[in-house]
Amino acid sequence: MRQFQQVVDRVGVLQIDSVNVLARAHLMPAFSRIGAYDTALLDRAAGQAPRRLVETWAHEASFVPPETYRLLGWRQRDYQRQAWGAISEVPLKHSPLVDDIRAIIADRGPVTARQVQEDFEAEHPTTRGEWGWNWTVAKRVLEFLFFTGEVTSAGRNGAFERRYDLTSRVLPPQVLATPEPSREDAIRALTEISARAHGIGTLRSIADYFRIKLDQVAPAVADLAEQGVLREVAVDGWNQGTVWRHRDADLPRRASGRALLSPFDPLVFERRRVEALFGLRYRIEIYVPEAQRVWGYYVLPFLLGESLAALVDLKADRKAGVLRVHAAHRSPGPDTPVASRTAELVEPLAAELHELAGWLGLEEIVVGDRSGLLRGDLAVDLAHAVKAA
């Protein structure tokens, strides 16, 4: 738990996403940084008192420390401008139900959206005809209460459904007792969390971390610079505006780590920063038609030393007990790849894949797409390296 907590303290936010092709998005950042850890640590941190993590809208839907949750009250109150239509329109479309569902949570919480919907199914039946998020009326109201901070998640069940409860029953008492800061103080604190997590970043990347508008973050950056928390630096090749370095940023002589990064990892949140730092134009291609995909469906960058050196399209085939590598490409980004010889790249990548497979409880690694085709310029060599490892 100490090592897991160090990851949380360093990155400050773990994005949640429903895609479970490989592993849940919020589980991967800790694996990328400390290796094969027990995911029950995260479940315990978010599902048992005193909680070390709570859910809210931060970068997107995210886990954050309880202290950070208190910094987002201004966003919760400003739901009409901060939330999208399905949530912001709830008080107008479903006003009578808000009080009813609020009372259900107070009386019976923690409850899932499915359990709450049972009380309203006769009057507001579940529909299946809409594209996208086909939310029931109960889910819409619960997500409104969740966004506005009246309720939060008391943990997730086995189907990964939120168990909604009153925020006052979830946040640790000492956090509830802390006065909520002003909007300006809260944004300054969020800005520092973002800047510390980045090490170095532009105004745009710092603002994107908690999805705050640039004109709100700019004064906070100026205040932090005046206090000596941030310092303006020059970075060769960056032409995206002023770059800021947090005073606590490490300055290692060399980078020697390796890590597979989820598409939702904080390191690659802001794609322009990825392109500026690593020379890689990286996009997630889940919603791209298969024939138009460049790298694959669920593609993870492989960080090796100072480079995002490879891109691998991975899938956990849990039924077969296999980690499938549908494609493996050398990254087109790095100008001076850390691995000039293919073996210097595929051997550590194969080792990382074996660690990932073990963490996921998968017994075998298979390189090749569903038809057995080896896709990508690294696939053949990676297949040999996987067998050798």
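Residues numbered from 1 in each chain as written. Predicted model: local features only at pLDDT ≥ 70, side-chain atom pairs only at ≥ 80, totals over all residues. Heavy atoms only, no water.

The protein chain has the name Winged helix-turn-helix domain-containing protein in an unreviewed UniProt entry, where Cellulomonas humilata is given as its organism.

## Some points on the overall build of the protein chain
This is how the line gets drawn: Under the scheme used here, helices are H or I runs from DSSP no shorter than 4 residues and strands are E runs no shorter than 2 residues, and both carry numbers assigned from the N terminus. A radius of gyration in this sense is built from C-alpha atoms; the matching globule rule multiplies 2.2 Å by the number of residues raised to 0.38. Each residue is placed in one exposure class: buried if its accessible area under a 1.4 Å probe, protein chains only, is under 20% of its type's maximum, exposed if it is over 50%, and partly exposed if it falls in between. Contacts are assigned to residue pairs with any non-hydrogen atoms lying within 4.5 Å of each other. In this description, accessible areas are obtained by the Shrake-Rupley approach with a 1.4 Å probe, and a residue is regarded as covered only by the protein chains that are shown.
Helix and strand counts for the protein chain stand at 18 helices and 13 strands. Against the globule reference of 21 Å for 389 residues, the protein chain gives a C-alpha radius of gyration of 22 Å, in line with a compact fold. The dimensions of the protein chain, computed from C-alpha atoms along their principal axes, are 65 × 55 × 40 Å. The buried share among the 389 residues of the protein chain stands at 53%. When contacts within the protein chain are restricted to residue pairs at least 6 apart in sequence, long-range pairs at least 24 apart make up 63% of them. Counting every atom, the protein chain has about 18,900 Å² of accessible surface; 48% of that belongs to carbon and sulfur.

## Some words on the pairing of strand S2 (residues 54–57)
Just so we agree on the cut-off: Two strands qualify as a pair provided DSSP detects at least 2 bridges between them.
Neither face of S2 is left uncovered, since the one carrying Val54 and Thr56 and the one carrying Glu55 and Trp57 both have all their residues buried. Pairing geometry for S2 and strand S3 (residues 61–64), over 4 bridges, is antiparallel. For Glu55, the partnering residue across the bridge sits in S3 and is Phe63. Counted between consecutive antiparallel strands, the loop separating S2 from S3 contains 3 residues.

## Brief notes about the pattern of salt bridges
Quick note on the threshold: Throughout this description, the term salt bridge denotes a Lys or Arg side-chain nitrogen within 4 Å of a carboxyl oxygen of Asp or Glu.
Across all of its chains, the model carries 24 salt bridges by this definition. Across the pair Asp119 and Arg108 runs a salt bridge whose closest N-O atoms are separated by 3.0 Å. Of this pair, Asp119 sits in the loop between helix H10 (113–117) and helix H11 (137–147) while Arg108 sits in helix H9 (residues 95–108), placing them 11 residues apart in sequence. The class for Asp119 is partly exposed, based on a relative accessible area of 44%. Residue Arg108 is classed as partly exposed on the basis of its relative accessible area of 37%. One salt bridge connects Asp165 with Arg169, and the closest N-O pair in it is separated by 2.7 Å. When its relative accessible area of 7% is taken as the criterion, Asp165 is described as buried. Assessed through its relative accessible area of 40%, Arg169 is described here as partly exposed. The network of salt bridges with common partners includes Glu55, Lys139, Glu143, Arg156 and Arg162.

## Regarding the sheet that holds strand S7 (residues 230–233)
Applicable threshold: Every axis corresponds to a line fitted to the C-alpha atoms, with the helix fit spanning only the stretch in contact, and the corresponding angles, defined between N-to-C directions, vary from 0 to 180 degrees.
Pairing is antiparallel in the open sheet, where 3 strands are placed in the order S6-S8-S7. The sheet is open, and its two borders are formed by strand S6 (200–202) and S7, each paired with just one other strand. Taking the axes of each pair of neighbouring strands and ignoring which way they run, one obtains an average angle of 40° across the sheet. The pairing of S6 with strand S8 (residues 243–246) spans 3 bridges and is antiparallel.

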